[in-house]
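Per-entry structural report
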Amino acid sequence: MKVTRLPDIERGEGRSVAVGTFDGVHLGHREVIAGSDSVLTFDPHPVSVVAPQHTPKLLTTFERKAELIASLGVQELIVIPFDAEFATRTAQEFVDEVLVGALGATEVSVGENFRFGHRAQGDARLLAADQRFTTIVHPLLEVDGEIVSSSHIRGLVLAGEIAEANRLLGAPFVLAGEVMRGDSRGRELGFPTANIVPDDAYAAPGHGVYACLSYNDPDHPRPAAVSIGVRPTFNTGRGELVEAYLLDFQGDLYGSTLRLEFIERLRGERRFEDPQALIEQMHRDVERTRGIVGPV
């Protein structure tokens with residue numbers, strides 16, 4: 001899939017364009033994108049520019065969003081570098097200058113709640129009234145009586161309900177980061193961990209232990225038992241930490257990027273009476289992870 005910034009776009013005719021922020025690329029987004037050869041999105045998230053105090057914790061990095069969109073068969077991802085200047089464009093200017101002028105769109109696909117232009121004055125009705133292209137407006141998707149939305153999925157992730165979040169995302173929730181040096185507590189307990197400090201700009205699963213698939217080598221994924229929290233058994237004084245124990249792995253990961261695909265929550269975070277009780281529980285966590293993720 002080709003990724004192009006809007007200022008660098010080559011004008012063409014006949015583009016079928018799905019437009020949206022698409023944080024998470026969840027099942028509802030996938031319906032909007034289906035059948036389009038191009039996707040138009042924004043980076044950074046528009047809310048971070050127009051109302052930064054209300055910026056949500058994002059479900060996906062731009063790289064993960066692009067990966068998910070590419071998996072849907074899209075040929076081109078067009079990125080609008082969203083800034084204060086772009087935020088002043090009216091809805092009609094967005095249609096005239098971007099959809100028609102820059103992209104030459106003949107078909108535009110959006111969700112029914114899509115808003116655009118200065119003060120979000122543009123909507124699906126404005127698009128549908130334009131005769132220069134065909135507009136496809138997708139109703140909000142409901143699953144089990146609940147509207148599928150990025151905010152709802154964000155709440156599930158933060159609550160640790162990762163299996164349900166994955167079901168609505170249509171793909172595993174992913175967290176990635178650079179492996180940092182810790183205090184070697186896991187190594188002392190017999191479970192050396194790769195430690196990641198979560199980026200506060202992105203949603204992270206609620207405190208607890210999870211069965212994950214880990215990728216320090218894209219071609220060799222491994223099961224991993226992952227703890228997220230503040231380690232209440234030990235008075236470390238540290239903030240929130242992601243600790244991944246990669247099953248059947250020996251090696252040095254410091255400074256490398258580790259990607260974690262969350263599969264299932266095993267249990268909540270708890271304080272143990274002593275380190276031995278924690279070690280016994282960690283053995284159980286590892287065996288459950290092995291059973292859930294299986295050989296890879």
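This text follows the structure it describes.
For the structure given in this document, a descriptive report is provided here. (Residues numbered from 1 in each chain as written. Predicted model: local features only at pLDDT ≥ 70, side-chain atom pairs only at ≥ 80, totals over all residues. Heavy atoms only, no water.)

Sheet architecture is open: 6 strands sit in the order β1-β4-β3-β2-β5-β6, paired in parallel fashion. A single partner strand is all that each edge strand has here, and the edge strands are β1 (2-5) and β6 (134-138). The mean angle between the axes of side-by-side strands here comes to 25 degrees, regardless of whether they run parallel or antiparallel. Pairing geometry for strand β2 (residues 15-19) and strand β5 (residues 105-111), over 4 bridges, is parallel. Residue valine 17 lies in a different strand from β5, and its bridge partner there is valine 108. Contacting β2, β3 (38-43), β4 (76-81) and β5, helix α5 (residues 91-102) crosses the sheet at an angle of about 135 degrees to β3. (Pairing = 2+ DSSP bridges. Helix = DSSP H or I, 4+ residues; strand = E, 2+ residues; numbered from the N terminus. Axes fitted to C-alpha atoms, helices over the stretch in contact; angles between N-to-C directions. Contact = heavy atoms within 4.5 Å.)

Time to look at helix α7 (residues 150-158). Considered for burial, the residues of α7 that qualify are Ser150, Ile153, Arg154, Leu156 and Val157. Taken down its axis, α7 places every buried residue within 160 degrees of arc, on the same side. Packing partners of the buried residues in α7 comprise α1 (27-33), α8 (162-169) and β9 (173-178). Once α7 ends, the next one or two residues include glycine 160, with phi positive near 85 degrees. (Buried < 20%, exposed > 50% of the residue type's maximum accessible area, 1.4 Å probe, protein only. Arc of directions from axis to C-beta.)

A few words now on the sheet that holds strand β14 (residues 257-268). In a beta sheet, neighbouring strands are held together by backbone hydrogen bonds and run either parallel or antiparallel to one another. Strand order in the open sheet formed by 6 strands is β9-β14-β11-β12-β13-β10, with antiparallel pairing between adjacent strands. Of all strands in the sheet, those with a lone pairing partner are β9 and β10 (194-196), marking the two edges. Each adjacent strand pair in this sheet contributes to an overall mean axis angle of 35 degrees, direction not counted. Bridging between strand β11 (residues 208-215) and strand β12 (residues 222-229) involves 7 bridges; their strand directions are antiparallel. Among the inter-strand pairings, serine 214 is bridged to a residue of β12, identified as arginine 222. Packed onto the sheet, α8 meets β9, β11 and β14 and runs at close to 125 degrees relative to β14. Along the sheet face, helix α10 (residues 275-293) touches β11, β12, β13 (241-246) and β14 and points at about 110 degrees away from the line of β14.

Now for the packing of α7 against α8. The contact between α7 and α8 brings their axes to 8 Å, and the two run at 155 degrees. Between α7 and α8, the angle is such that the two are roughly antiparallel. The crossing of α7 and α8 is left-handed. Across from His152, Ile153, Leu156 and Val157 in α7, the residues of α8 making contact are Ile162, Glu164, Ala165, Leu168 and Leu169. Broken down by class, the residue content of the contact of α7 with α8 amounts to 7 nonpolar, 1 polar and 1 charged. (Parallel < 35°, antiparallel > 145°, perpendicular 65-115°, else oblique. Left-handed = near helix turned anticlockwise from the far one by under 90°. Nonpolar A, V, L, I, M, F, W, Y, C, P; charged D, E, K, R; others polar.)

Turning next to the pattern of salt bridges. In this structure the tally under the stated criterion is 16 salt bridges. Residue arginine 89 is joined to glutamate 97 by a salt bridge in which the shortest nitrogen-to-oxygen separation is 3.0 Å. The shortest N-O distance in the salt bridge between arginine 290 and glutamate 287 comes to 3.9 Å. Of this pair, arginine 290 and glutamate 287 both sit in helix α10, 3 residues apart, which is roughly one turn of the helix. A network of salt bridges, in which partner residues are shared, links Arg64, Glu67, Arg259 and Glu261. (Salt bridge = Lys/Arg side-chain N within 4 Å of Asp/Glu carboxyl O.)

What follows is about the packing of aromatic side chains. Going through the model one piece at a time under the given rule, you end up with 9 aromatic pairs. Between phenylalanine 42 and phenylalanine 82 the ring centres are 6.0 Å apart and the planes differ by 85 degrees, which places this aromatic pair in the edge-to-face class. One end of the pair, phenylalanine 42, is in strand β3; the other, phenylalanine 82, is in the loop between β4 and α4 (84-87), with 40 residues separating them in the sequence. For phenylalanine 42, a relative accessible area of 6% gives the class buried. Each ring, one from phenylalanine 86 and one from phenylalanine 94, has its centre 6.4 Å from the other, and the planes form 90 degrees; the classification is edge-to-face. Taking NZ or CZ as reference, arginine 181 lies 3.9 Å from the ring centre of tyrosine 254, over its face. (Phe/Tyr/Trp six-rings, centres within 6.5 Å; stacked < 30°, edge-to-face > 60°. Lys NZ or Arg CZ within 6 Å of the ring centre and 35° of its normal.)

Take the environment of arginine 267 next. Mapped onto the elements of the fold, arginine 267 is located in strand β14. Once you skip the residues sitting within four places of it in the chain, arginine 267 turns out to touch Gly208, Val209, Phe272, Gln281 and Asp285. A distance of 2.8 Å separates a polar atom in the side chain of arginine 267 from a polar atom in the side chain of aspartate 285. (Polar contact = N/O pair within 3.5 Å; in protein donor to acceptor, adjacent residues only side chain to side chain.)

Quick look at the nonpolar core now. Counting 30 residues, the largest nonpolar core has Ile153, Val157, Phe173, Val226, Leu258, Leu260 and Phe262 as the members making the most contacts within it. The set of elements that each furnish at least two residues to this core consists of α7, α8, β9, β10, β11, β12, β13 and β14. Looking at which element gives the most residues to this core, the answer is α8, with 4 residues. Dropping the residues within four chain positions of it, leucine 258 is found in contact with Leu175, Ala176, Gly177, Val179, Ala194, Ile196, Ser214, Tyr215, Asn216, Ala244 and Leu246. Ranked by size, the runner-up nonpolar core spans 27 residues in total, among them Ile9, Phe86, Leu99 and Leu127. (Core = buried A, V, L, I, M, F, W, Y, C linked by side-chain atoms within 4.5 Å.)

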